[in-house]
Amino acid sequence: MIEKVIDTDWRNLLKEEFEKSYFAELEAFLQKEYEEQIIYPQKEEIFNALRYTPCKAVKAVILGQDPYHGPGQAHGLSFSVKPDVRIPPSLKNIYKELHEDLGCEIPGHGHLTSWAKQGVLLLNTVLTVRKGQANSHRGKGWEILTDQIIRTLNDREDPVVFILWGKPAQAKMNLIDTKKHFIITSPHPSPLSANKGFFGSRPFSKTNSYLLQAGIKQVDWSLPQL
């Protein structure tokens, strides 16, 4: 039961999802995959986004696609890598925009847990991947669960800022009530698309502006050196 590691309010909020047939099929698929293939992240880290950021604490969501598929990179938070791992190209571009937007110093690591602990849900739409094979676990059931996570946030009274980079993330827009919540969109920070409108989109200052407007404590986007 991979969901047993969730030790926040998400476990009860998603209880019905974990009892559905699609999730049982997903678990059976994952058990076989972890036995026969190299899968990222480690099993106990799959739900780190839900463990670091309880539903009641969520202020903003940064929605990624699937985990990094290189050795030692993925640890259950979108765009984040472990402290001693080289910073991936997309995250380098996120840091570049962060510096241009808010003047934050660019850290020498790619570990984004300080954002998660402040209420930024770093969620991927698919939570596992085979080594070296992007999108290899797409269409196996994760999208149903992560859609429900977004619906759960959408049902909350407190507003949430949804930061949707790229078309796959923006496909979730129909799950979000824009009368209650805020959406920030731009192209993906990947080197393939960052020059097409990600740079200059100022998502970090916009998020804090929305939070201020809603009377919610702003996020300190600066990342401490480790």
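Located above this text is the structure these notes cover.
The following refers to the structure shown.

Conventions adopted
- Residues numbered from 1 in each chain as written.
- Predicted model: local features only at pLDDT ≥ 70, side-chain atom pairs only at ≥ 80, totals over all residues.
- Heavy atoms only, no water.
- Helix = DSSP H or I, 4+ residues; strand = E, 2+ residues; numbered from the N terminus.
- Buried < 20%, exposed > 50% of the residue type's maximum accessible area, 1.4 Å probe, protein only.
- Contact = heavy atoms within 4.5 Å.
- Areas by Shrake-Rupley, 256 points an atom, 1.4 Å probe, with all protein chains shown as cover.
- Lys, Arg positive; Asp, Glu negative; His and termini not counted.
- Charge placed at Lys NZ, Arg CZ, Asp CG, Glu CD.
- Phe/Tyr/Trp six-rings, centres within 6.5 Å; stacked < 30°, edge-to-face > 60°.
- Lys NZ or Arg CZ within 6 Å of the ring centre and 35° of its normal.
- Pairing = 2+ DSSP bridges.
- Axes fitted to C-alpha atoms, helices over the stretch in contact; angles between N-to-C directions.
- Salt bridge = Lys/Arg side-chain N within 4 Å of Asp/Glu carboxyl O.

Focus: the overall build of the protein chain
Part 1 of the argument: If you tally the helices and strands in the protein chain, you get nine helices and six strands.
Part 2 of the argument: Here the protein chain holds 226 residues, and the buried ones make up 54% of them.
Part 3 of the argument: Long-range pairs, those at least 24 residues apart, make up 68% of the contacts in the protein chain between residues at least 6 apart in sequence.
Part 4 of the argument: Approximately 10,700 Å² of the protein chain is accessible, and the part contributed by carbon and sulfur atoms is 49%.
Part 5 of the argument: Taking the 28 positively charged and 26 negatively charged side chains of the protein chain as two groups, their mean positions are separated by 4 Å.

Some thoughts on the packing of aromatic side chains
Part 1 of the argument: With the rule as written, the count across this model stands at 13 aromatic pairs.
Part 2 of the argument: Feature note: the residues Phe-79, Trp-115, Trp-165, Phe-198, Phe-199, Phe-204 and Trp-221 constitute an aromatic cluster, connected by ring pairs.
Part 3 of the argument: When the ring centre of Phe-199 is taken as origin, the NZ or CZ atom of Lys-96, which lies over that ring, is 4.8 Å away.

Details of the sheet that holds strand β3 (residues 120-124)
Part 1 of the argument: An order of β3-β2-β5-β6 is seen for the four strands of this open sheet, with the pairing classed as parallel. In this open sheet, the two strands that pair with only one neighbour each are β3 and β6 (182-186). Along the sheet, successive strands turn relative to each other by an average axial angle of 20°, direction set aside.
Part 2 of the argument: Where strand β2 (residues 60-64) meets β3, five bridges bridge the pair, whose relative direction is parallel. By the bridge assignment for β3, Ala-60 is matched with Val-120.
Part 3 of the argument: Most of the contacts of helix α7 (residues 142-154) go to β3, to which it runs at about 155°, and overall it touches β2, β3 and β5 (161-165).

Concerning the pattern of salt bridges
Part 1 of the argument: Per the counting criterion, the structure on display carries seven salt bridges.
Part 2 of the argument: Glu-17 is paired through a salt bridge with Lys-20; the nearest N and O atoms lie 2.8 Å apart.
Part 3 of the argument: In this structure Glu-17 comes out as buried when scored by relative accessible area, which is 6%.
Part 4 of the argument: A salt bridge links Glu-45 to Lys-82, with the shortest nitrogen-to-oxygen separation between them at 3.6 Å.

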